[in-house]
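Architecture and fold: a report
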Protein chains: 2
Amino acid sequence: MQRLIWSVLIAFAVSLALGPVVIPWLKKLKMGSNEYELGPATHKVKQGTPIMGGLIFIGAMALVPLALHKPGTTWRFLPATVVCTLGFGAIGFVDDFLKIHNKRSLGLTPRQKMIPQIVLAIGLSIWAYRSVGPALIVPFFGREWNLGWAYIPVMVFILVGVVNSANLLDGCDGLLAGCSMIDFAALALILLLIGQAQSGEDAEATYNLVLVCGAGAGALLGFLRYNSHPAMVFMGDSGSFAIGGAIAAVALCTRLSLLLPIICLAMMSSSLSDIIQVTYFKATHGKRVFKMAPLQHHFELSGMPETRVVNMYRTVTALLCLLAILGFTA
Amino acid sequence: MQRLIWSVLIAFAVSLALGPVVIPWLKKLKMGSNEYELGPATHKVKQGTPIMGGLIFIGAMALVPLALHKPGTTWRFLPATVVCTLGFGAIGFVDDFLKIHNKRSLGLTPRQKMIPQIVLAIGLSIWAYRSVGPALIVPFFGREWNLGWAYIPVMVFILVGVVNSANLLDGCDGLLAGCSMIDFAALALILLLIGQAQSGEDAEATYNLVLVCGAGAGALLGFLRYNSHPAMVFMGDSGSFAIGGAIAAVALCTRLSLLLPIICLAMMSSSLSDIIQVTYFKATHGKRVFKMAPLQHHFELSGMPETRVVNMYRTVTALLCLLAILGFTA
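Treat the numbers as computed from the prediction; the structure is a model and nothing was measured.

Moving on, we get to the environment of Ile58(B). All names here are of chain B. Inspection of the secondary structure puts Ile58 in helix 2 (residues 54–68). Residues Ile58 and Ala215, spaced 157 residues apart in sequence, show a C-alpha to C-alpha distance of 9.9 Å. In this view, Ile58 contacts Leu86, Ser238, Gly239 and Ala242; residues no more than four positions away in its chain are not counted.

Attention now moves to the relation of the copies chain A and chain B. Both copies of the chain are tied together by a single rotation about an axis and a shift running along it. The transformation that overlays chain A on chain B combines an axial shift of 0.0 Å with a rotation of 180°, and the residual RMSD is 0.0 Å. What the superposition gives is, in effect, a two-fold axis relating one chain to the other. For chain A, the smallest separation between a C-alpha atom and the rotation axis is recorded for Thr307(A), amounting to 4.3 Å. In this assembly the copies share their binding face: 100% of the residues contributing to the interface of chain A also contribute to that of chain B.

Below, the discussion takes up the side chain of His69(A). Residues and elements named next belong to chain A. Within the element layout of this structure, His69 appears in the loop between helix 2 (54–68) and helix 3 (78–101). Residue classification places His69 among the buried positions, given a relative accessible area of 10%. Separated by 2.9 Å, the side chain of His69 and the backbone oxygen of Leu66 make a polar contact. Within the local environment of His69, its side chain forms a polar contact with the side chain of Trp75, the two groups lying 2.9 Å apart. Filtering out sequence-adjacent residues up to four positions away, His69 remains in contact with Arg3, Trp75, Leu78, Asn208 and Leu211.

All names here are of chain B. Residue alternation in strand 1 (residues 135–138) divides its side chains into two sets, Ala135 and Ile137 and Leu136 and Val138, and both sets are buried. As judged from the four bridges shared by strand 1 and strand 2 (residues 143–146), these two strands associate in the antiparallel manner. Opposite Leu136, over in strand 2, you have Trp145 as the bridge partner. Between strand 1 and the antiparallel strand that follows it, strand 2, lie four residues; Phe140 among them carries a positive phi value of about 75°.

This next bit is on helix 1 (residues 2–28) of chain A. Compared with the 39 Å implied by 1.5 Å per residue over 27 residues, the 40 Å span of helix 1 of chain A between its first and last C-alpha is a close match. Residues of helix 1 of chain A that are buried include every one of Leu4(A), Ile5(A), Ser7(A), Val8(A), Leu9(A), Ala11(A), Phe12(A), Ser15(A), Gly19(A), Val22(A), Ile23(A) and Leu26(A), and no others. Its buried side turned inward, helix 1 of chain A meets helix 2, helix 6 (175–196) and helix 7 (200–227) of chain A together with helix 12 (306–326) of chain B.

Counting from both sides, the interface comprises 31 residues of chain A and, opposite them, 31 residues of chain B. With both chains or domains summed, chain A and chain B bury close to 2,900 Å², and 72% of this area falls on carbon and sulfur atoms. Linking chain A with chain B are zero salt bridges, by the criterion used here. Here chain A and chain B share twelve residue pairs in polar contact (both at pLDDT 80 or more) between them. Within the residue set of the side of chain A that touches chain B, elements represented by two or more residues are helix 1, helix 7 and helix 12 (306–326) of chain A.

We now examine empty space enclosed by the protein. Where empty space is left becomes clear once a probe the size of a water molecule has been rolled over the atoms. Per the stated rule, a full pass over the model turns up two cavities of 30 Å³ or more. The calculated volume of the largest cavity comes to roughly 1,400 Å³. Lining of the largest cavity is provided by 47 residues; of these, Met181(A), Ile182(A), Ala185(A), Ile182(B) and Ala185(B) occupy positions nearest its centre. Among the elements of the structure, helix 1, helix 6, helix 7 and helix 12 of chain A together with helix 1 (2–28), helix 6 (175–196), helix 7 (200–227) and helix 12 of chain B are those that each provide at least two residues to the lining of the largest cavity. The class makeup of the residues in the lining of the largest cavity is 36 nonpolar, nine polar and two charged. Reported here for the second largest cavity is a volume of approximately 250 Å³. Lining the second largest cavity are 17 residues; nearest its centre among them are Thr307(A), Arg314(A), His229(B), Thr307(B) and Arg314(B). For the lining of the second largest cavity, the elements supplying multiple residues, two or more each, are helix 12 of chain A together with helix 12 of chain B. Class assignment for the residues of the lining of the second largest cavity results in two nonpolar, nine polar and six charged.

Across all of its chains, the model carries ten aromatic pairs over all chains by this definition. Ring geometry for Phe299(A) against Tyr313(A): centres 6.2 Å apart, planes inclined by 75°, an arrangement best described as edge-to-face. Residue Phe299(A) is located in helix 11 (residues 295–301), and its partner Tyr313(A) is located in helix 12; the two are separated by 14 residues in the primary sequence. A ring pair is formed by Phe57(B) and Phe223(B), whose centres lie 4.9 Å apart and whose planes are at 65°; its orientation type is edge-to-face. Residue Phe57(B) is found in helix 2, and its partner Phe223(B) is found in helix 7; the two are separated by 166 residues along the sequence.

Further remarks concern the pattern of salt bridges. On inspection of all chains with the given rule, the structure shows 18 salt bridges over all chains. Here Arg76(B) makes a salt bridge to Glu201(B), at a shortest N to O gap of 3.3 Å. Taken together, the residues span a long stretch of sequence, with Arg76(B) in the loop between helix 2 and helix 3 (78–101) and Glu201(B) in helix 7 at a distance of 125 residues. Note on Glu201(B): relative accessible area 48%, which makes it partly exposed. Three or more residues are tied together by salt bridges with common partners; here these are Asp95(A), Lys99(A), Lys113(A) and Asp237(A).

Further remarks concern the state of the cysteines. Tallied over the full model, the rule gives zero disulfides over all chains. We note that Cys84(A) lacks a disulfide partner, and the nearest cysteine sulfur, in Cys253(A), lies 8.1 Å from it.

Counting 220 residues, the largest nonpolar core has Phe57(A), Tyr313(A) and Phe57(B) as the members making the most contacts within it. Setting aside residues up to four positions removed in sequence, Phe57(A) forms contacts with Ser15(A), Ala219(A), Leu220(A), Phe223(A), Met235(A), Gly239(A) and Ile243(A).

Residue and element names in this part refer to chain B. With respect to the helices and strands, the residue Tyr226 is situated in helix 7. Taking relative accessible area as the criterion, Tyr226 reaches 7% and is therefore assigned buried. Between the C-alpha atoms of Tyr226 and Leu16, which are 210 residues apart in sequence, the distance is 8.4 Å.

Right, let's talk about the environment of Val163(B) for a bit. With respect to the secondary-structure elements, Val163(B) resides in helix 5 (residues 151–169). Sequence separation between Val163(B) and Lys291(B) is 128 residues, and the spatial gap between their C-alpha atoms is 24 Å.

Here helix 7 of chain B is 28 residues long and its end C-alpha atoms lie 40 Å apart, about the 40 Å a rise of 1.5 Å per residue gives. For helix 7 of chain B, the buried fraction is high: 22 of the 28 residues fall into the buried class.

The rules behind the values
Residues numbered from 1 in each chain as written. Chains lettered and ligands numbered in written order. Predicted model: local features only at pLDDT ≥ 70, side-chain atom pairs only at ≥ 80, totals over all residues. Heavy atoms only, no water. Helix = DSSP H or I, 4+ residues; strand = E, 2+ residues; numbered from the N terminus. Contact = heavy atoms within 4.5 Å. Least-squares fit on C-alpha atoms with pLDDT ≥ 70 in both. Buried < 20%, exposed > 50% of the residue type's maximum accessible area, 1.4 Å probe, protein only. Polar contact = N/O pair within 3.5 Å; in protein donor to acceptor, adjacent residues only side chain to side chain. Pairing = 2+ DSSP bridges. Expected span 1.5 Å × (residues − 1). Buried area = accessible area lost by both parts, 1.4 Å probe. Salt bridge = Lys/Arg side-chain N within 4 Å of Asp/Glu carboxyl O. 1 Å grid on protein atoms, 1.4 Å probe; cavity = no way out; pocket = protein on both sides within 12 Å on 5 of 7 lines; lining within 4 Å. Points joined across faces, edges and corners; volume = space filled by probe spheres on them. Nonpolar A, V, L, I, M, F, W, Y, C, P; charged D, E, K, R; others polar. Phe/Tyr/Trp six-rings, centres within 6.5 Å; stacked < 30°, edge-to-face > 60°. Disulfide = S-S within 2.5 Å. Core = buried A, V, L, I, M, F, W, Y, C linked by side-chain atoms within 4.5 Å.

Okay, here's the thing in structure tokens:
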């Protein structure tokens, strides 16, 4: 518990300290946002806010747990979380960089984004299959679900799905950062509860992942200093991919992937609404289900102020996280 | 832990459900805010937003713990938290009501507000002296500090101080509600940790206070649906007095009053800045330390957007709460 708190505090401090270094540098490089032409009209004022702000928190999120883990305890899961956070973050970084370099709102093509993601996800899933095993914890039912060989394609789907869902949830000030900060905090508490029931190396490995969650929450709390409304910087794909990667990696290592549809419902709602919108639009040759997809922009266009949408998403995330914790308490 | 989560969820649901009942009713009664003439100019747009929104959460905050406490466990502390929350809330309610009735920004005179507060505080302090005893826990040092007879005046000062500090922190959308929600959450965790080391009736009594904290956090989370920027309703003195009363009551019962300067620093900074400003103004015949007191308005007048000020206060409160929790972990 003490290490968890230090992990939060130190990651927060690193994020906070990097803000005044990274933001002016991004501005100097003209790393300004080119607002997507089809986005909400109220977002036009965001034109010029620097992107790639993910650089502020990715380092702390990935590396603080390495610095703080209890010496001599197992490194079983730490390489996976670092690779997943930095790996997906790097793909996002390339995308952000091209957006700026080419002075257009779109960076990599969908295919160029997807192939390295799938390669990374396959590698991680094979590693997890061999070292964690193909059984998932079924929350609230106290049982396990052995997927056998199907584990690998399912995990690839979940990893890529979470990363891209996080990416789609980004787009309002403090939305993705706030919701995923709550997710990390909830995962930290759940893993503390799980770790109490374990012993030896298993408990050590779980507690080291608690530090990963703490660092994630702390780093994002620091980033929110710069990203909360009115945002001085956006995290960009570098940030959203890294967040998705970190959350998915923790779930992968702890066999908690079935928790993700609960605690990450905000992200899921963005990708699902996008899929529904596009499918319906094609099927009906031009009709729409939502005023705009992803879902958060639908609420904005329905007249809800951006700050209130963000508050609603955070509140729903907090409630769902409490429900998830309920599944792990006696 | 399970009861704690249910306490949060049910208090949230009650608050959320009362919003659409209370807000239109307040509007109908013309319970609109008369913005204080000397407040920040940017707050003029808030003119007309209903006050007395505290009615949305006071009931849930005070009564949900009674409904959820484990049957047969001791009621030792619950009457004190209920009396403190509803009692101070009632004083605030009278003040709000007079503000509206007299169509002026000031309700009760300072003396009219202070006398019932002091009477209530003396009653509670005498009760606490007799049933909890005059020793306070000194956090981080693992010792106790026996105040003897000085306990009663010190507790009266703390109770009245916290209630009025909460009142002074109110004034930005989601500021007091957000910070005190974090305080309640932190107190809940601290009391869970304390309760684990206790047994029998002591543990029961502590766990029942955990429910009080959970209900406080949940009720405020629900209220934030209506109070986050741009606010549809303000809590008014009814709300801020009740929050101060509830936090002070929990600290009183658990002998944790020395934690308040840490976790309630946001509130304290408002009252201290007010005292400093007035004292300096009188001493120098017209000079000011802050652009405006309480402190949060100083930040606003220094050019920081309201939402960013609120985020900063919440972040600092969260960090201080983590530090406080650190004092109770092994």
